[in-house]
Amino acid sequence: MSILPSPSVLPVSAFPPNHAHTFEFHYAGSQPVKNRVLITDNETHAAVYDRTVATLRLSHTVPAGTLAAGRQYMIQIQVVDADGNKSNLSEGLLFYCFSAPLFRLESIADPHRSASITLNLSYSQPENEALKSHQYLLYDQNKLPVSSSPMYYAASSHTFYGLENNKSYYVRCIGETVHGFLLDTGYSVLNVVYHTIPANILFDLKNHPESGYISLTTNLTIIGYETENDNLSFKDGSVTLWDNSVTYQGGFRVEGDFVLYADAKKLPLGTFLKAGNDAFTLSIVNVCGIYYCELKSGNYILYSALPKAQLETADGKLLTNNAGQKLEILNMSYDDEEHIIFEAKRKGNLYSLKAYYKADYLV
């Protein structure tokens, strides 16, 4: 008789004990014909399951109702080959059993009459097993991924924007409890049907005399956004960010031919704007003491010098030379208080890029 190599139990997530559960293990010795599973209660150290089964598979199924919810257990496995040789019991692996939690999305209207939807989650568990994390997912009608929320580590709702009219989607939420119970709401269908008004009409008024009110529909596009943190402030129609970024989730698309205007000042060196799927980026770069805006799309790179401070008279009139050209200060540091418009255009496969003072543009 010889001692076989010890097997090792593969990690297992928490599971409900009212269902049979199959434990799998790794083993590198001669073909086993039997395996023995020993499960002990990790608090009382009492054996609650000790059974040997004849099988060539590297797995062992524990029947439903063997274990109890809200308990932690330790499992060990021993193998036996056709000659009666045995291994030692494997290293113990801890696992939990919990009753199946309630994990579902709150009800969704059918049809859904908006270009955005806020999803909320309902969660509860009989043994008070806490929810560790969850994530919301959006799919198209073929269940192909469209968008996803960040991974939330506290109870949170999430809004998806840019839903297209007369289209169907699926929404879903997945999660995990603190002891590894994997959760999934499954797919919920989302049929989107909402009223649209012509693009040249800003407001659409409709009288409801039978009910005594007037409804107002706007043609304004609401663009959803998320920030990394709370390092921001609003003042005079502008937002100031520091150690932060803004991600616009939907409500517009950058594809095909387009014109993009970005209004900013005091941008740091480096990339300050990324289009979806890295279609292109805008960055501030310093080349030999002169500041440029850089547009990059794949291997295509385009530069536009930032505007330079201009000289003016005491009454605010710009100074020009005999040719009518504005006089500028050449060695300007990029730290003035003027707003700069960054104008990027694409037609076909060609781009153009300009950078100029907002005040000049308004004039």
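Provided above is the structure to which this section pertains.
Residues numbered from 1 in each chain as written. Predicted model: local features only at pLDDT ≥ 70, side-chain atom pairs only at ≥ 80, totals over all residues. Heavy atoms only, no water.

Colleague: So what exactly am I meant to see when it comes to the sheet that holds strand 28 (residues 290-297) here?
Modeller: Within a sheet, neighbouring strands are paired by backbone hydrogen bonds and run either parallel or antiparallel to one another. Taken together, four strands build an open sheet; the order of strands is 26-27-28-29 and the sheet is antiparallel. Each edge of the sheet is formed by a strand with only one pairing partner; in this case those strands are strand 26 (270-274) and strand 29 (300-305). Between one strand axis and the next, the sheet turns through 25° on average, direction left out of account. Here strand 27 (residues 281-287) pairs with strand 28 via seven bridges, running antiparallel. Opposite Ile-284, over in strand 28, you have Cys-293 as the bridge partner. (Pairing = 2+ DSSP bridges. Helix = DSSP H or I, 4+ residues; strand = E, 2+ residues; numbered from the N terminus. Axes fitted to C-alpha atoms, helices over the stretch in contact; angles between N-to-C directions.)

Colleague: Sorry if this is basic, but what is going on with the side chain of Glu-294 here?
Modeller: Within the secondary structure, Glu-294 sits in strand 28. Within the buried set, Glu-294 has no salt-bridge partner at all; the shortest N-O distance to an opposite charge, 4.2 Å, is to Lys-296. Within polar-contact distance, the side chain of Glu-294 engages the side chain of Tyr-303 at 2.7 Å. Setting aside residues no more than four positions away along its own chain, Glu-294 makes contact with Thr-281, Leu-282, Ser-283, Val-285, Ile-301, Leu-302, Tyr-303 and Leu-353. (Buried < 20%, exposed > 50% of the residue type's maximum accessible area, 1.4 Å probe, protein only. Lys, Arg positive; Asp, Glu negative; His and termini not counted. Salt bridge = Lys/Arg side-chain N within 4 Å of Asp/Glu carboxyl O. Polar contact = N/O pair within 3.5 Å; in protein donor to acceptor, adjacent residues only side chain to side chain. Contact = heavy atoms within 4.5 Å.)

Colleague: Sorry if this is basic, but what is going on with a nonpolar patch on the surface here?
Modeller: A contiguous nonpolar patch, built from Tyr-225, Phe-234, Val-239, Leu-241 and Tyr-248 and spanning about 560 Å² of accessible area, is present on the exposed surface. Along the chain, Phe-234 falls in strand 22 (residues 232-235). (Patch = residues over 30% accessible without salt bridge, like charges linked within 9 Å, V, L, I, M, F, W, Y side chains within 5 Å. Areas by Shrake-Rupley, 256 points an atom, 1.4 Å probe, with all protein chains shown as cover.)

Colleague: Please clarify how the pattern of salt bridges should be interpreted in this entry.
Modeller: When charged atoms on two side chains of opposite charge get close, those side chains can pair. Throughout the structure, instances matching the rule amount to six salt bridges. Two residues, Asp-41 and Arg-71, come together in a salt bridge whose shortest N-O distance is 2.8 Å. Residue Asp-41 is found in strand 4 (residues 32-41), and its partner Arg-71 is found in strand 7 (residues 71-81); the two are separated by 30 residues along the sequence. Its relative accessible area of 7% is what places Asp-41 among the buried residues.

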